[in-house]
Structure formats: C-alpha cells, structure tokens
Amino acid sequence: MVSSTPLSRVLALCTVLGAVTAGAAPRSPPHAALARRGNTIPSGPKFVLYSQTPVTPVLPDLSQIQGFNVFNLAFLLSDGPHDQAAAWAATDPATRAALKAQYNAAGVALVVSAFGATELPTSAGADPAALAAQMAQFVKQTDLDGIDVDWEEVELVRAKPGVGEKWLGDFTRALRAALPQGQFILTHAPVAPWFAPDFVPGGGYLVVHKDVGALIDWYNIQFYNQSPTPGYEDCTSLITAGGGSAVLEIAASGVDKSKIVVGKPGAPQDTVSGGYMDPAALSACLAQAQAQGWDAGVMVFQYPHADTHWVSAAKGSGFKQPGTAPLNQSGLPPTLNASPGPASNLAPPQETGRLGIVGAFIWMAASVACKLVS
C-alpha cells in the first residue's frame, strides 16, 4: 500500500482538475450566452401595446404593462427611427441588450412598428425590397424581436387598384427573407375595412393575405377611426356584422381566427374618428367572439393611456393564461420591476455554472495550487 503525502494529494487533485477542464465545454461570455437565447414570440393570445411618445428613461417599468406580451415601438420610417423607436435606437447597446433581456424574461417581445399614418412609402416610390432590407437591418442592429407593418395608404388603395397590394406583398416577402419565421415576429396593422370584400377595387388585405398571409404571424387590426359606419363601438359591428369587416366576417373570408387581433384606442384622444370602447365593455364583446372559437387577443394604441389596468379589464376572465411563451427558455422568473437605472446596473447577470459561487472559488484556488506545484 502506497502512503499519501500532502504533495501527492495536490498532484492527484490537479490531475482530476485537468481532466474535468479538458472535458468541459468552453464557457461563453454573458453577452454571447444572451445572444444564443434568441427572441421572444408569444404563443396563444397576443396582447399588443403600442408606444409612440418616448418614455423616460427608455421603456416603461414592466409593472406598468403587466398583462401585455408585445410592446411595439413606433415608428420606423424610411429615413430612420422616430418617436419611441428613435429613443430605443439612441440607447447604448449594452443598455438595450439588458432591457431586452428583462422584457423577454417577462415574456414580452419588443417590436418596431413601421410607417403609421406619417409616411406613404408606396406613393413616394420606395423600392419595397430595398426598404425591407434596410428596416430588417434596423431590427437586427437594435436588438429587437421583430417588425410590425402599419401601412396606411388609404387614398392609394382606392385610386390605384392592386398597386398597394402588390407593394405590400413584395415588401413582406423581402422582410421575411431577412427575418426568418420562427425567429422574428412579422405582423401587419391594417384598418379593418380593408378586409371587407369589394371595399377597395384592388381587393385590399384579402388579396394581401392570399399572397403573403402565410408569412405574417398575425394582424393587429385597427377597429377604430371608422365612424360613423361601421364604427366598431358596439358588439355587433365589432364582432358579427360590420359590413364584411367584423371579426367573425373576416374569419369567414378566409383569415384564420388566430391571426385576427382586435385593435382599439386606449383613450378617446388616441383616435381621430371614433372606435373607442371602455375596456370592460370591450371585454364583453370579445367574450362573444370567444364563444365562436376566436381567441387571438387584443392590440391597443397607446401607452400610457393603456396600461396593465386597461388590459386586465379588456381581458376579463375569458382568455387562456399565460398568453406568452418566451423562446429563450432561460428559466428566469418574470421581471416586474425593470426600470433602468445607470447603465452599470443593467449588465446581464454573470452565469456561475453548475458549481455555484463557492464552487467557483474552490476551483480557482485549486487551479492556482496546481500552477504552483507544476
């Protein structure tokens, strides 16, 4: 039997340490690990909140928007980001990454919304493929989960049949080519009447849906700014009979119910032509649609008029919970207090691995001892 000396025991430990280290996969820095976790895409009902007015300092505290699972930053135009989208772009990359990690851990996706009523890209002659490539690059460079296409060329679709529909198809295909399905969110936000058969001569969004609907994750449909007819201020015009553009009528025209997200203004001042409903009254209407198999969710424009209280009232008790499924599978609990402080406080937490902090110190001490005796 061979006796063991202190030195021989240290050498034996070094042998084990070397073997374990050689067999272990190299650890990536925290930012690389964060990048591997991917984006967040909701599964089940979508609860989408737009934000155009810049928020101080960057994004709302998560406790203020609890219940939503998509936060849309408005707006990205052909000349770059504006409003809330500009505030996000101006934030330093480390802070953006940390905020995105906090939102994603809470099951909230961050999306940029393009155009709005501010820009008419088709009328301006913008090349759809080139503009899509430019906007997709913005999504990737600023750590976002996807893009929403809020194209509102009302006059064009009436005056030039088929032109807008084709432009949207080309734009959507180019976006999806750059932002693969299942990895990035791609939504559209049309006004509801564009789904009514024969409402516009070129076919409107029924043609767009037939062309590229499979590439679009869901529609944030604007059921407002259409007073006096159909108005969408009561359950009938919103859910069952809105001149071909109510929720169930859109579904009957071939759009999957899971893609028909009902959009509403958060307050009367968020609409220019009607459509506002008290969220509790809206909830009663949505329950009627749910009884007919619809369960897609709700969109609202905009924060801060719409917040966690608004969405709670609009949901009522009818929606399946939870409405989100983070793709990052990080296992982190929801973060409900994510107001950003100084940038130095926003770095992602260090990963300590299977050994934990104490084990890490023991490992380091053993490594130093091995170097001393080698």
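Above this note sits the structure.
Report on the accompanying structure. (Residues numbered from 1 in each chain as written. Predicted model: local features only at pLDDT ≥ 70, side-chain atom pairs only at ≥ 80, totals over all residues. Heavy atoms only, no water.)

1. Digging into the packing of helix H5 (residues 128-141) against helix H7 (residues 163-178)
A packed helix pair is summarised by two numbers, namely the angle formed by the two axes and the spacing between the axes.
Then, number 1: Between H5 and H7, the least distance of the axes is 8 Å, while the angle of their chain directions is 40 degrees. Comparing the axis directions of H5 and H7 gives the class oblique. Between H5 and H7 the crossing geometry is right-handed. For the pair H5 and H7, contact is made by Pro128, Ala129, Leu131, Ala132, Met135, Ala136 and Lys140 and by Trp167, Asp170, Phe171, Ala174, Leu175 and Ala178, respectively. (Axes fitted to C-alpha atoms, helices over the stretch in contact; angles between N-to-C directions. Helix = DSSP H or I, 4+ residues; strand = E, 2+ residues; numbered from the N terminus. Parallel < 35°, antiparallel > 145°, perpendicular 65-115°, else oblique. Left-handed = near helix turned anticlockwise from the far one by under 90°. Contact = heavy atoms within 4.5 Å.)

2. Considering empty space enclosed by the protein
Then, number 1: All chains considered together, the criterion is met by 1 cavity of 30 Å³ or more.
Then, number 2: Approximately 40 Å³ is the volume found for the largest cavity.
Then, number 3: Lining the largest cavity are Trp151, Val157, Gly164, Glu165, Leu168, Trp194, Gly204, Tyr205 and Val208.
Then, number 4: Residue assignment for the lining of the largest cavity shows that the elements contributing at least two residues are H7 and helix H8 (204-212).
Then, number 5: When its residues are assigned to classes, the lining of the largest cavity shows 6 nonpolar, 2 polar and 1 charged. (1 Å grid on protein atoms, 1.4 Å probe; cavity = no way out; pocket = protein on both sides within 12 Å on 5 of 7 lines; lining within 4 Å. Points joined across faces, edges and corners; volume = space filled by probe spheres on them. Nonpolar A, V, L, I, M, F, W, Y, C, P; charged D, E, K, R; others polar.)

3. Overview of unusual backbone geometry
Then, number 1: Following threonine 56, the chain continues into proline 57 via a peptide bond in cis, with omega recorded as 5 degrees.
Then, number 2: Inspection of the secondary structure assignment puts proline 57 in the loop between strand E1 (46-51) and strand E2 (70-77).
Then, number 3: In this model, threonine 229 is joined to proline 230 through a cis peptide bond whose omega is 0 degrees.
Then, number 4: Of note in this structure, aspartate 143 is not a glycine but carries a positive phi near 60 degrees.
Then, number 5: Within the secondary structure, aspartate 143 sits in the loop between H5 and strand E5 (146-151).

4. Some points on the side chain of asparagine 72
Then, number 1: Mapping asparagine 72 onto the fold places it in strand E2.
Then, number 2: Polar contacts involving the side chain of asparagine 72 include one to the side chain of tyrosine 50, which spans 3.4 Å.
Then, number 3: Not counting chain neighbours up to four residues away, the residues in contact with asparagine 72 comprise Val48, Leu49, Tyr50, Ser51, Val111, Asp148 and Asn220. (Polar contact = N/O pair within 3.5 Å; in protein donor to acceptor, adjacent residues only side chain to side chain.)

5. A short note on the environment of glycine 242
Then, number 1: Turning to its location among the elements, glycine 242 is positioned in the loop between helix H9 (235-240) and helix H10 (247-252).
Then, number 2: In sequence terms glycine 242 and proline 230 are 12 residues apart; their C-alpha atoms lie 5.5 Å from each other.
Then, number 3: Glycine 242 has contacts with Pro230, Tyr232, Thr236, Ser237 and Glu249, leaving out every residue within four places of it along the chain.

6. Things to note about H5
Then, number 1: The end-to-end C-alpha distance of H5 is 20 Å, a good match for the 20 Å that 14 residues give at a rise of 1.5 Å each.
Then, number 2: Within H5, the full set of buried residues consists of Pro128, Leu131, Ala132, Met135, Ala136, Phe138 and Val139. When H5 is viewed along its axis, its buried side chains cluster within an angular range of 150 degrees and face the same direction.
Then, number 3: Turning to H5, the residues buried within the fold contact E2, strand E3 (80-81), helix H3 (83-90), strand E4 (109-116), E5 and H7.
Then, number 4: The N-cap residue of H5 is aspartate 127: its side-chain oxygen and the backbone nitrogen of alanine 129 are 3.3 Å apart. (Expected span 1.5 Å × (residues − 1). Buried < 20%, exposed > 50% of the residue type's maximum accessible area, 1.4 Å probe, protein only. Arc of directions from axis to C-beta.)

7. Examining the pairing of E4
Then, number 1: Extensive coverage of E4 is indicated by the burial of 8 of its 8 residues.
Then, number 2: Relative to E4, E2 runs parallel, the two being bridged by 6 bridges. Counterpart to alanine 74 in the pairing with E4 is serine 113.
Then, number 3: In terms of strand pairing, E4 meets E5 through 6 bridges, oriented parallel. Directly across from valine 112, in E5, lies its bridge partner isoleucine 147.
Then, number 4: For the handedness criterion, the β-α-β arrangement of E4, H5 and E5 is classed as right-handed. (Pairing = 2+ DSSP bridges. Right-handed = clockwise from strand over helix to strand, strands pointing away.)

8. Overview of the packing of aromatic side chains
Describing an aromatic ring pair means giving the distance of the ring centres and the angle of the ring planes.
Then, number 1: One pass over the full model with this rule turns up 13 aromatic pairs.
Then, number 2: Relative to tyrosine 219, the ring of tyrosine 205 lies with its centre 6.0 Å away and its plane at 90 degrees, an arrangement referred to as edge-to-face. Residue tyrosine 205 is located in helix H8, and its partner tyrosine 219 is located in strand E7 (residues 218-222); the two are separated by 14 residues in the primary sequence. Across the pair, exposure class does not vary: tyrosine 205 and tyrosine 219 are buried alike.
Then, number 3: Summarising the aromatic geometry, the rings of phenylalanine 223 and tyrosine 232 are spaced 5.2 Å apart at their centres and angled 85 degrees between planes, so their arrangement reads as edge-to-face.
Then, number 4: Taking the relative accessible area as the measure of exposure, phenylalanine 223 reaches 0% and is therefore buried.
Then, number 5: A connected cluster of aromatic rings, assembled from ring pairs, spans Trp151, Trp194, Phe195, Tyr205 and Tyr219.
Then, number 6: Seen from the ring of phenylalanine 47, lysine 315 lies directly overhead, with NZ or CZ sitting 4.2 Å from the centre. (Phe/Tyr/Trp six-rings, centres within 6.5 Å; stacked < 30°, edge-to-face > 60°. Lys NZ or Arg CZ within 6 Å of the ring centre and 35° of its normal.)

Functional significance is not addressed by these values, which are geometric in nature.
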